[in-house]
Amino acid sequence: MMARYSKLVLLAVAVAALLVSKFVSFDSYFLIVIITIGINIILATSLNLVNGYTGQFSLGHAGFMAVGAYSSAAVTTFGGTHWFEIFGGVTALSTTSLFIVALVMGGLAAAVAGLVVGIPTLRLRGDYLAIATLGFGEIIRVILQNTEKMGGSRGFSVGGTYTTFFWTYALAAVTVYVVANLVHSAYGRGFLTVRDDEIAAEAIGVNTVKYKVVAFVLAAFFAGLAGGLYAHFVGYLTPEGFNFMRSIEIIVMVIVGGMGNTAGVIFAAVLLTLLPEWLRGVQQYRMVIYSLLLIVLMLTRPQGLFGGLTWPTRWLRKKTASPDANAA
């Protein structure tokens, strides 16, 4: 029953996104902000799977985003509408189909990168894992800076701006749906076991490395999708757009929202995307005020601003529980 409600919510969000994209027009500034919010929701929700639910500390999420962004941009830029010409004699691919292929390719490229990084590094713990993932993110950035085919440090012009409100929020809904259902599944209990006590989990035979790698690869896949959306929205990529500070921004969203709290992370992604915009009236002090607010928050709410916030699962459980269970 819970799965059915989750599917209905996912369908409702997708339909709402389609209707809004068809019948509501946004000015350019508002569209930039609202698309950025959707991309940040995908990034924060996927990182929360690793940092929040699995208990690891990754500092390289911007690196996976960069892999997805450049890979998907390469598909649409170098492939064009004849990218599938080698398959079955197809000589033209619609713009929408090409965009979908580019997003999937970007996500898969990021997932492969996550697998390559995850297998050796996720045997590490704590600060050592954070340093290893930080190094990966910087390696990706330096490689992109020295790859002339992808523009190098000059930047790379993407062959089309296809990202829309519908695609952004449909994929955000899919990300939240997959992560929320995964962590509440029997398999997802392995993630929580690793987070709660990794040593005890290993002692009872749980393959902790497997669960950490799965979470890492899945989070990297969704980060790659977010990168593809970002690439085809801004239309121009530079390696500096995926530097260490970008990873920190995503981590702050997870911490502010509450580690292991999907609903809180979503609200934090919205809040921390809007907050710098609200502070534009005090442009010269904007980042100082932003930083002070984060410090005050960490001192007063170490569990996160939305640490006690949950999805309405209790209400759903009451609705789907049997009369005997309610009586008991």
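Rules behind the numbers
- Residues numbered from 1 in each chain as written.
- Predicted model: local features only at pLDDT ≥ 70, side-chain atom pairs only at ≥ 80, totals over all residues.
- Heavy atoms only, no water.
- Helix = DSSP H or I, 4+ residues; strand = E, 2+ residues; numbered from the N terminus.
- Buried < 20%, exposed > 50% of the residue type's maximum accessible area, 1.4 Å probe, protein only.
- Contact = heavy atoms within 4.5 Å.
- Areas by Shrake-Rupley, 256 points an atom, 1.4 Å probe, with all protein chains shown as cover.
- Core = buried A, V, L, I, M, F, W, Y, C linked by side-chain atoms within 4.5 Å.
- Expected span 1.5 Å × (residues − 1).
- Phe/Tyr/Trp six-rings, centres within 6.5 Å; stacked < 30°, edge-to-face > 60°.
- Salt bridge = Lys/Arg side-chain N within 4 Å of Asp/Glu carboxyl O.

1. With respect to the overall build of the protein
Link 1 in the chain: Within the protein, the regular secondary structure consists of 14 helices and two strands.
Link 2 in the chain: The burial tally for the protein puts 45% of its 328 residues in the buried class.
Link 3 in the chain: Pairs at least 24 apart in sequence give 80% of the contacts found in the protein among residues at least 6 apart.
Link 4 in the chain: Just so you have it, the protein exposes about 16,000 Å², and 68% of that area is on carbon and sulfur atoms.

2. Quick notes on the nonpolar core
Link 1 in the chain: Membership of the largest hydrophobic core comes to 69 residues, with the highest contact counts inside it found for Phe64, Leu237 and Leu272.
Link 2 in the chain: Ranked by size, the runner-up nonpolar core spans 10 residues in total, among them Leu49, Tyr53, Val194 and Tyr211.

3. Observations regarding helix α9 (residues 208–234)
Link 1 in the chain: Under the 1.5 Å per step criterion, the end-to-end length of α9 is 39 Å for 27 residues, consistent within 8% with the ideal 39 Å.
Link 2 in the chain: Along α9, 20 of the 27 residues are buried, which leaves the element largely enclosed by surrounding structure.
Link 3 in the chain: The positive-phi residue at the C-terminal boundary of α9 is Gly235, with phi of around 80 degrees.

4. Considerations on the packing of aromatic side chains
Link 1 in the chain: All chains considered together, the criterion is met by 12 aromatic pairs.
Link 2 in the chain: Ring centres of Tyr230 and Phe242 lie 5.8 Å apart, and the angle between their planes is 80 degrees; on these two criteria the pair is classed as edge-to-face. Of this pair, Tyr230 sits in helix α9 while Phe242 sits in the loop between β2 (236–237) and α10 (244–257); the two residues are 12 residues apart in sequence, bridging distant segments of the chain.
Link 3 in the chain: Since its relative accessible area comes to 24%, Tyr230 is described here as partly exposed.

5. Section: the pattern of salt bridges
Link 1 in the chain: Evaluated as defined, the whole model comprises four salt bridges.
Link 2 in the chain: Residue Arg141 is joined to Glu138 by a salt bridge in which the shortest nitrogen-to-oxygen separation is 2.6 Å. Taken as a pair, Arg141 and Glu138 lie in helix α5 (residues 126–145) at a separation of three residues, close to a single helical turn.
Link 3 in the chain: By relative accessible area, Arg141 is classed as buried at 15%.
Link 4 in the chain: Residue Glu138 is classed as partly exposed on the basis of its relative accessible area, which comes to 23%.
Link 5 in the chain: Taken together, the shared-partner salt bridges connect Glu138, Arg141 and Glu240 into one network.

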